[in-house]
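Geometric and topological summary
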Amino acid sequence: MVQAELSQETKALVDNAIADVGEIATLPEVTVKIIEIVENPKSTARDLHDVIKNDPALSARILKVVNSAFYGLPGQISSIDRAIVLLGLSAVKNIAIAASMTHLFTGGASIDGFSGADVWKHSIGIGVGSRLLSAAQGRPQVEESFLAGLISDLGLLVERQLFAAELGEVVGRFQHNGGNLCQIESEIIGADHQAFGMALAKKWRFPQTICTTIGYHHNPMLLAEMNRELPAIVNVADILTCKAGIGFAQHDKNTEITDELYTLIKLDAAKVDEILDQLPEQVSIAEGIFGE
Ligand SMILES: [Fe+2]
């Protein structure tokens, strides 16, 4: 894969941070098991069902997702088995991972201009936006897009835990002067949330597509052409979420979607504007499911 390499110095900083990150580096056991199932080509619907059924809170949340307006499925679905039959194994795996990760974002201390709840709300916006964009272009794996968008800013959690004072300075400078968030992070902290997030997702053994998307969601053009589409979808979803004023903004409201991005996501401006109009309502539905 052609991609921009981190400098030795940045790589060392990121590796040390991930080794040090403690509490948030620990995924819930159920998520670890679900990821093992995702990565094992021999796994079956039964394996996934067995893991989920032992976690009643997670089962309830998954059923809430599949019964939500996102799917418009006929009748009430009351079992995980039925959800897997209707939506497919892959969709349910991705929903299960997303549903098991909420607490990581919403916990933790707030710093000036930046709270976990705000980041989570913005993340839900990116996840929902990525899902809508993927559905509009006819991409089969819309739940993979949702999950990739939802956790794209994972690295901000690492920064909040290990570099709280520096992150406060980053947010202060960004909110006062605007500019490029990733560049400001690199100047003040030494790496950006993409690098921290990708390293943490790798440590968790997340699927490669998700790791790459986290690492390049602000810069899809740095990747080889064949790997750009999902990071570009997340990038556009992020811009739309900022335009809609949902949660912690990482782009100026006036950031424009470039022609290059429209080409990468295979959608035109009229379609993307339609999605922007739908976003606030769709986000409030998702908040009812994924909010604590
Ligand atoms: Fe981001």
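Since the model is a prediction, treat every value here as computed from it, not as a measurement. Sequence order sets the numbering: in each chain, residues are counted from 1 along the sequence as written. Only residues with pLDDT of 70 or above have their local features reported here, since the model is predicted, and side-chain atom pairs are shown and tallied only from 80 upward, although totals for entire chains, interfaces and linings are computed over all residues.

We count a stretch as a helix when DSSP gives it H or I for four or more residues in a row; a strand needs E for two or more, and each element gets its number in order from the N terminus. When helices and strands are counted, the protein shows 17 helices and 0 strands. Radius of gyration means the value over C-alpha atoms here, while the globule rule gives 2.2 Å times the residue count to the 0.38 power. Relative to the 2.2 N^0.38 estimate, which gives 19 Å for 292 residues, the radius of gyration of the protein is 18 Å and therefore close to what a compact globule would have. For the exposure call, what matters is how many other C-beta atoms sit within 10 Å of a residue's own: 20 or more marks it buried, 12 or fewer exposed, and in between partly exposed, using C-beta atoms placed from the backbone. Within the protein, the fraction of its 292 residues that count as buried is 45%. Within the protein, residue pairs in contact and separated by at least 24 positions form 66% of the contacts whose partners lie at least 6 positions apart. Our contact criterion uses C-beta atoms placed from the backbone: two residues qualify when those atoms are within 7 Å.

Between its terminal C-alpha atoms helix α15 (residues 229-243) stretches 21 Å, which fits the 21 Å expected from 15 residues at 1.5 Å a residue. Burial of α15 is extensive: 15 of the 15 residues sit out of reach of the surface. Gly245 sits one or two residues past α15 and shows a positive phi near 70°. An expected span of 1.5 Å times one less than the residue number is assigned to each helix.

Grouped together as the largest cluster of nonpolar side chains are 84 residues, with contacts concentrated most on Ile62, Ala96 and Val236. Ranked by residue count, the leading element in this core is α15, at 9 residues. For this core, the domains that each give at least three residues are domain 1 (8-25 + 104-290) and domain 2 (28-100). Excluding its chain neighbours within four sequence positions, the residues that come into contact with Ile62 are Ile52, Ile80, Ala83, Val92, Ile95, Ala96 and Ala99. Definition of nonpolar core: a set of buried Ala, Val, Leu, Ile, Met, Phe, Trp, Tyr and Cys residues joined via C-beta atoms within 7 Å. For the purposes of this description, domain bounds are those given by an automatic or database domain assignment.

Looking now at the environment of Asn54. The residue Asn54 is located in the loop between α3 (45-53) and α4 (56-66) in this model. Looking at Asn54, the number of C-beta atoms within 10 Å reads 12, which means it is exposed. Residues Asn54 and Leu73, 19 residues apart in the sequence, show an inter-C-alpha distance of 25 Å.

It is worth spelling out the domain arrangement of the protein at this point. Domain annotation for the protein reports domain 1 (8-25 + 104-290) and domain 2 (28-100). Once you take the C-alpha centre of each, domain 1 and domain 2 turn out to be 24 Å apart. With 13 residues of domain 1 in contact, the opposing surface of domain 2 contributes 16 residues. Listing elements by their share of the side of domain 1 that touches domain 2, those giving two or more residues are α9 (142-150) and α17 (269-290). The leading source of residues in the side of domain 1 that touches domain 2 is α9, at 5 residues. When residues are sorted by character, Ala, Val, Leu, Ile, Met, Phe, Trp, Tyr, Cys and Pro go into the nonpolar class, Asp, Glu, Lys and Arg into the charged class, and all the rest, Gly among them, into the polar class. In terms of residue class, the side of domain 1 that touches domain 2 is built from 9 nonpolar, 1 polar and 3 charged.

Another aspect to go through is helix α13 (residues 193-203). In terms of burial, α13 is largely enclosed, as 9 of its 11 residues are buried. Where α13 is buried, its residues touch α1 (8-20), α10 (154-162), α12 (181-188) and α14 (208-216). Arg205, located one to two residues past α13, shows a positive phi value of around 60°.

Another aspect to go through is unusual backbone geometry. In this structure, Arg205 takes a positive phi of about 60° despite not being glycine. Mapped onto the elements of the fold, Arg205 is located in the loop between α13 and α14. Owing to 14 C-beta atoms within 10 Å, Arg205 belongs among the partly exposed residues under this scheme.

Another point: the packing of α14 against α15. Packing of α14 against α15 brings their axes to within 9 Å, and their N-to-C directions diverge by 50°. In terms of orientation, α14 lies oblique with respect to α15. For α14 against α15, the interelement crossing comes out right-handed. Side by side, α14 and α15 meet where Thr209, Thr212, Thr213 and Tyr216 of the first sit next to Leu230, Pro231 and Val234 of the second. Of the residues in the contact of α14 with α15, the class split is 4 nonpolar, 3 polar and no charged. Helix axes use the C-alpha atoms of the stretch in contact, all axes being lines fitted to C-alpha atoms, and the angles between their N-to-C directions lie in the range 0 to 180 degrees. Angle categories: roughly parallel below 35 degrees, roughly antiparallel above 145, roughly perpendicular from 65 to 115, and oblique for all the rest. Here is the rule for handedness: rotate from the far helix to the near one, and if that takes an anticlockwise turn smaller than a right angle the crossing is left-handed, while a clockwise turn gives right-handed.

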